[in-house]
Structures are given as structure tokens and as C-alpha cells.
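Now for the letters of each chain:
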Amino acid sequence: MSGEITDIKFYLPKKKINTKNICKKYKWPYEKTLLATGIKYRYETKKNETALQLALSACKFLKSKNQIDALIYVTQSPEYLLPTTACIIQNKLNLRKDIIAFDINQGCSGFVQGLFTGYSFLKQKEIKNVLLICSDTYTKYIKKGDRSCETIFSDAASAIVLKKNLNKKNIFKFGTDGSGSKNLIVANSATNYKPNVKPNIFMDGKNVFMFTMTNIPNFVTDLLLKSKTSINEIKYFVFHQASKMVIDNLIRKMNLPKKKVYCNYEKIGNTVSSTIPIALFDLLKGKKIKKGDKLLLCGFGVGYSMAAAIIEY
């Protein structure tokens, strides 16, 4: 694939939630909760604050917005069922009108899928720069007191500019198993919406965890074999920041060096499609990666869906 990441920004809402306070409110055991999730802080949008607003805030400090040729918006928190939120973003950001703009309805694997789509566009002569935005507000769908969700999900947005670079080598792998779609779902929504019933997210944590442990280690190993890449050649493994339990078990099952697996779930929670780009921002800011480093990115979850990539930064 012919592209590279040239700019990353992200935005968190102002409302910061301490997991200790949530556990105290519902009389949940804090230490046990923390042992499973590893998440100390989460971020929630205000009642009238939307994923679109987060997305626009994430884009505020991006460079070269006037050079964007394609806009990809990854979200499961659209502003409307129609029109496409990407079209609204094009207008709000005052981007050129001769661009393509569309939404991808995907969650935990959405960033890697969006990255593949963006890099695919960059293979076209007409496309030189792609704006990839991820934004979700899962907390709006959480039923108060739902322990499986209220201690995990966090709202956020991220924005990345992709630039054509024919010298970069990026390899992708995908997987889908829709038989597990009902294990992470907002059932009362879209055409199934029932008036006067609040749309709530349902997550069967045990089944989602089992799906991840059964599939992701082999999925990532297959990508390494396909690309003829050894674990030693990967500077960092950046997994979707699902929870401490998930990532600790992936490290164990794949026998990965812990120092090669980047984690930031403790301070911001599971931000769905933005977990990987925010982690990339942290790695760059901390000067932990440099040009030419190989990174393995892997998103997984809602759908069920899987997406992984080995990219050359």
C-alpha cells in the first residue's frame, strides 16, 4: 500500500470520570474492577455534545486541510441516519468541494479498516492526501449501572492525515464473523427503534473475550508469517485498547515481550475506533518511534470484526 501518516491529533471531552467514584456509587469492588479493566479514568460527552463535535475539535489543529482529496469518517455514533456525517464535516471544515467524503460504520477495528481504505485511495493518481477521522460516543448508549460497559467505554475523536508515499510498505489482513454480532449491540436503534425506549448498548463480555482469545493470536501470527516479519522486527504492537485483561492475555498467548506492547487504557479507557490512533499519537509524542520503524496494529471486537496491519512509519 502506498501511503504514510503525516499528522495525528485527538480530542477528549472535558468530562473526566474516575472509576473509583463509579465503583463507590454502585458499590462495586474497585480493586477487582481495576484488575480486570486496568482503566482508572474515562471521558464522557455532555448530553448535547456529539461525536461530530468531537471530530471537529480533533481536526482543529491539523495542518494542510486545504490539500485533502478524500475524507473518511469512521463512527458508530452518526449525527443522523442520513445524511452522511462526512458530508457535514466537509462543510464545517471548509474543505474543497471536489473531494470524496463518506462514513464507515465500524467500531473497534474501524481505524485499521479506514487506514486500508485511505491507503487504497492513495494508489489513485488523483488522490494525494486523505483525512481519516474516528469518533465515537458509546457512553450515550450505556445504561446506568451496567458494570460491563460503564467501567470500560470512553468517548473520543482522532484525526489523521495520510499522504501518498510509494516507498512505504504496508500489509493488511481482515476477518469477519457476523455470528457474534448480537454479543455487542445496540438492538433498539435504526429500523428496529422502538419509540420511548432508550437505545442501550448490550455487551456479553464473556463471549466477546472468548472470541478475541480464540481468534486474534492466530490472526496476528498469520499476518507476521504472510509478511515474513519476525516479532523482533516489530518496534511496537498496538492493539485495540479493549481492557487490561484482554491485552495481558494476548501478550501471554502470543508470548510477546511486554515492552513491545503499548498500552494507554489506564488513563483514557476504551475509546473504540480511536484507541489505536491515540496510542500512535502517544508513541510519537514520547519519541518512542521514528521513521522507518515497523508497527503492528490490530483492532477487533464489535461485529465481530478483525483488522490488522504491519505499517512502516
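First things first, this report covers the structure right here in the doc. (Residues numbered from 1 in each chain as written. Predicted model: local features only at pLDDT ≥ 70, side-chain atom pairs only at ≥ 80, totals over all residues. Heavy atoms only, no water.)

Tallied over the entire structure, the rule returns 1 cavity of 30 Å³ or more. Considered as a void within the structure, the largest cavity measures approximately 30 Å³ in volume. Taken together, Glu4, Ile5, Tyr119, Ile311, Glu312 and Tyr313 form the lining of the largest cavity. In terms of residue class, the lining of the largest cavity is made up of 4 nonpolar, no polar and 2 charged. (1 Å grid on protein atoms, 1.4 Å probe; cavity = no way out; pocket = protein on both sides within 12 Å on 5 of 7 lines; lining within 4 Å. Points joined across faces, edges and corners; volume = space filled by probe spheres on them. Nonpolar A, V, L, I, M, F, W, Y, C, P; charged D, E, K, R; others polar.)

What follows deals with the side chain of Lys260. With respect to the element layout, Lys260 can be found in the loop between helix H8 (244-254) and helix H9 (265-268). In this structure, Lys260 is buried with no salt-bridge partner, the nearest side chain bearing the opposite charge being Asp293 at 9.1 Å. In this structure Lys260 touches Ile231, Asn232, Ile234, Lys235, Tyr236 and Phe237, once residues within four positions along its chain are discounted. (Helix = DSSP H or I, 4+ residues; strand = E, 2+ residues; numbered from the N terminus. Buried < 20%, exposed > 50% of the residue type's maximum accessible area, 1.4 Å probe, protein only. Lys, Arg positive; Asp, Glu negative; His and termini not counted. Salt bridge = Lys/Arg side-chain N within 4 Å of Asp/Glu carboxyl O. Contact = heavy atoms within 4.5 Å.)

Each pair of packed helices can be described by the angle between their axes along with the distance between the axes. Packing of helix H3 (residues 51-59) against helix H4 (residues 85-92) brings their axes to within 11 Å, and their N-to-C directions diverge by 45 degrees. Here H4 runs oblique to H3, going by the angle between their axes. H4 is crossed by H3, and the crossing has right-handed handedness. Listed contacts from H4 to Leu52, Ala55 and Leu56 of H3 are Thr85, Ile88, Ile89 and Lys92. Tallied by class, the residues present in the contact of H3 with H4 amount to 5 nonpolar, 1 polar and 1 charged. (Axes fitted to C-alpha atoms, helices over the stretch in contact; angles between N-to-C directions. Parallel < 35°, antiparallel > 145°, perpendicular 65-115°, else oblique. Left-handed = near helix turned anticlockwise from the far one by under 90°.)

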